[in-house]
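# Understanding the architecture of this molecule
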Amino acid sequence: GKSWQNRDIYCIRLTNESRTSPKSKVFFVGYHHAREPITAELALYFAVKAATVFGANATITHMLNYCEIYIVVALNADGFGLVRDNEWQRKNAHPFDEDGDGRFDEDPPEDEDGDGYIEDLIQWDGSQWAFVRWEGIDNDHDGLLNEDWAGGVDLNRNYGYQWNATCDSGSPDPQAEDFRGLYPFSEPETQAIRDFAMSKDFRYAVSFHSGADIIIYPWGYTKTQAPHKTVFTEVAANLSALVVSPYEPSSQMYTTSGVWDDWTYGNRSTLAFTCEIYQNNSAWQYESGPYPNSLWERGITQAFNPEPRNIETTIQQWLTVFTYITERATRLLGETNGDGKVDLKDVFRVGKAFGSVPDQPKWDAFCDINVDFKVDLK
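Residues numbered from 1 in each chain as written. Predicted model: local features only at pLDDT ≥ 70, side-chain atom pairs only at ≥ 80, totals over all residues. Heavy atoms only, no water.

### Re the overall build of the chain
A count of helical and extended segments in the chain gives 9 helices and 11 strands. Relative to the compact-globule value of 21 Å for 378 residues, the chain shows a C-alpha radius of gyration of 22 Å, a close match. Taken along its principal axes, the extent of the C-alpha atoms in the chain is 75 × 45 × 35 Å. Out of the 378 residues belonging to the chain, those deemed buried represent 52%. Contacts spanning at least 24 positions in sequence make up 74% of the contacts within the chain whose residues lie at least 6 apart. A total accessible area of about 16700 Å² is found for the chain, and carbon and sulfur atoms account for 52% of it. Charge centroids of the chain, computed over 32 positive and 58 negative side chains, lie 15 Å from each other. (Helix = DSSP H or I, 4+ residues; strand = E, 2+ residues; numbered from the N terminus. Rg over C-alpha atoms; globule rule 2.2 N^0.38 Å. Buried < 20%, exposed > 50% of the residue type's maximum accessible area, 1.4 Å probe, protein only. Contact = heavy atoms within 4.5 Å. Areas by Shrake-Rupley, 256 points an atom, 1.4 Å probe, with all protein chains shown as cover. Lys, Arg positive; Asp, Glu negative; His and termini not counted. Charge placed at Lys NZ, Arg CZ, Asp CG, Glu CD.)

### A short note on the packing of aromatic side chains
The geometry of an aromatic ring pair is captured by the separation of the ring centres together with the interplanar angle, meaning the angle of the planes. With the rule as written, the count across this model stands at 27 aromatic pairs. Their ring planes at 65 degrees and their centres at 4.8 Å tell us that Trp88 and Trp134 sit as a pair that is edge-to-face. Note that Trp88 is positioned in the loop between helix H3 (79–85) and strand S4 (120–124) and Trp134 in strand S5 (residues 129–134), a separation of 46 residues in sequence. Relative to Trp134, the ring of Phe131 lies with its centre 5.2 Å away and its plane at 55 degrees, an arrangement referred to as tilted. Looking at Phe131, the relative accessible area reads 46%, which means it is partly exposed. Of the aromatic side chains, those joined through ring pairs into one cluster are Tyr161, Tyr217, Trp219, Tyr221, Phe232, Tyr265 and Phe273. When the ring centre of Phe185 is taken as reference, the NZ or CZ atom of Arg194 above it lies at 5.1 Å. (Phe/Tyr/Trp six-rings, centres within 6.5 Å; stacked < 30°, edge-to-face > 60°. Lys NZ or Arg CZ within 6 Å of the ring centre and 35° of its normal.)

### Thoughts on the sheet that holds S4
If you walk across this open sheet you meet the 4 strands as S5-S4-S11-S10, and the pairing is antiparallel. The sheet terminates laterally at S5 and strand S10 (285–288), the two strands that pair on one side only. Here the strands of the sheet are splayed against their neighbours by 35 degrees on average, with no regard to which way each runs. Across 4 bridges, the pairing between S4 and strand S11 (residues 294–298) is antiparallel. By the bridge assignment, Ile122 is partnered in S11 with Leu295. (Pairing = 2+ DSSP bridges. Axes fitted to C-alpha atoms, helices over the stretch in contact; angles between N-to-C directions.)

### Some details on the environment of Asp78
Its place among the elements puts Asp78 in the loop between strand S3 (67–72) and H3. Note on Asp78: relative accessible area 1%, which makes it buried. Along the primary structure Asp78 and Asp8 are separated by 70 residues, whereas in three dimensions their C-alpha atoms are 9.4 Å apart. Look past the residues within four positions of Asp78 in its chain and what remains in contact with it is Ser3, Trp4, Gln5, Arg7, Ala93 and Glu189.

### Considering unusual backbone geometry
Cis geometry is found at the peptide bond from Pro218 to Trp219, where omega equals 5 degrees. Mapping Trp219 onto the fold places it in the loop between strand S7 (212–217) and helix H5 (229–243). A positive phi angle, near 70 degrees, is found at Asn6, a position not held by glycine. In the Ramachandran plot, Tyr31 falls in the positive-phi region, its phi being about 65 degrees despite a non-glycine side chain. Within the element layout of this structure, Tyr31 appears in the loop between strand S2 (24–29) and helix H1 (38–53). Taking relative accessible area as the criterion, Tyr31 reaches 0% and is therefore assigned buried.

### Description of the environment of Gly351
Structurally, Gly351 is set in helix H9 (residues 344–353). Considering only alpha carbons, one finds Gly351 and Asp376, 25 residues apart in sequence, at a separation of 9.3 Å.

### Re the packing of H1 against helix H2 (residues 58–66)
Contact geometry of H1 with H2 gives a least axis separation of 9 Å together with a crossing angle of 95 degrees. Taken together, the axes of H1 and H2 lie roughly perpendicular to each other. For the pair H1 and H2, the contacting residues are Phe46, Ala50 and Val53 in the first and Ile60, Thr61, Met63 and Leu64 in the second. Looking at the contact of H1 with H2 residue by residue, the class counts come to 6 nonpolar, 1 polar and no charged. (Parallel < 35°, antiparallel > 145°, perpendicular 65-115°, else oblique. Nonpolar A, V, L, I, M, F, W, Y, C, P; charged D, E, K, R; others polar.)

### Some words on the packing of H1 against helix H8 (residues 311–330)
In contact at an axis separation of 9 Å, H1 and H8 are set at 65 degrees when each is read in the N-to-C sense. Judged by the sense of rotation from one axis to the other, the crossing of H1 with H8 is right-handed. Residues Ile38, Glu41, Leu42, Ala43, Tyr45, Phe46 and Lys49 of H1 touch H8, and the partners they reach there are Ile311, Glu312, Thr314, Ile315, Gln316, Trp318, Leu319 and Phe322. Looking at the contact of H1 with H8, its residues break down into 10 nonpolar, 2 polar and 3 charged. (Left-handed = near helix turned anticlockwise from the far one by under 90°.)

### Some words on helix H6 (residues 260–268)
Within the span of H6, buried status applies to Trp260, Asp261, Asp262, Trp263, Thr264 and Tyr265. On the buried face of H6, the contacting elements are S2, helix H4 (188–198), strand S6 (202–209), S7, H5 and strand S9 (271–278). Just downstream of H6 lies Ser269, where phi reads positive at about 55 degrees.

### Focus: the sheet that holds S3
Here we have 7 strands laid out as an open sheet, ordered S1-S3-S2-S6-S9-S7-S8, and mixed in their pairing. Edge positions in the open sheet fall to strand S1 (11–14) and strand S8 (247–249), since each of these has one partner strand only. When strand polarity is set aside, the average angle formed by the axes of neighbouring strands in this sheet is 20 degrees. Relative to S3, S1 runs antiparallel, the two sharing 4 bridges. Bridged to Cys11 within S3 is Val72. Contacts between H8 and the sheet are confined to S2, S3, S6, S7 and S9, with S2 contributing the most and set at about 155 degrees to the helix.

Everything listed is a geometric property; what it means functionally is a separate question.
In structure tokens:
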């Protein structure tokens, strides 16, 4: 598809095309949010590595022989340019007249003091630190500072499942960081994901974000547990053990409307997960502000992304998400025990689980070959 500024949104497809038998499909998405470029780094790194070591690495070779892997490295294709100008940028490039003066995107935050950072000013109000303003000047001379940013819409609040649900996050206000857009799938970026996902039958899907260190899964819009919570918990727990990060339902942190994984699961019946892959709370820095009890705050880039010398360390930690999810998907073809062949051992394992559904004692997810959440004659 295309971004708001008409940039290409690329999808990489990895598989061994000499094997023409039916294959399971998995989907990975990076870079919904402009200030999270580490997520694009991770997605691209895996794609390059998989293509490079195919035929030499047994795990990667098996994955590409028996699965089709689709990777959207950078959904928010305009974000790289936006975040160079404003390191706080989260949303896409869709212009909005946020201050109602008939002009668009004319008063963004700026590095007012030339120290290489755009800072926000916070002030202690007696009970908590409250936001005052962004660093910058009054470009449109309306007496307001930095109220009309470049863009945009929060792409991860723009999906069409529970888009306008009453939640902690998912705002109808264009000035909000989590502005959900004017209507579901209003943005070309989310339309591209929607149309592509509708054309495929993905077994599993994973979206990568940063700013936290956690694995989450549906539901986001409600604290009610998802119908297939047993499967979600099993997969999340296994991922957690591999990457040494906690896991929980998305809504346990806060409820969110119109998010990617809710739509992917709720509308496409795909087991969808979000991995928040980096957080550094020690990156925040403070200096005295112009008012009593006020501070300038900076460090958003470093809080959400590792320093260049540490990028590969973060990537190596999370690469196993790709291999675990893909290897799990390949077993859905009938190979239930990971021995590389479909034989009587697999028939026996399916027989033991026959007739079961999640939450029953004999349920075995690897025997649910067509992912309809029951082990039956199909």
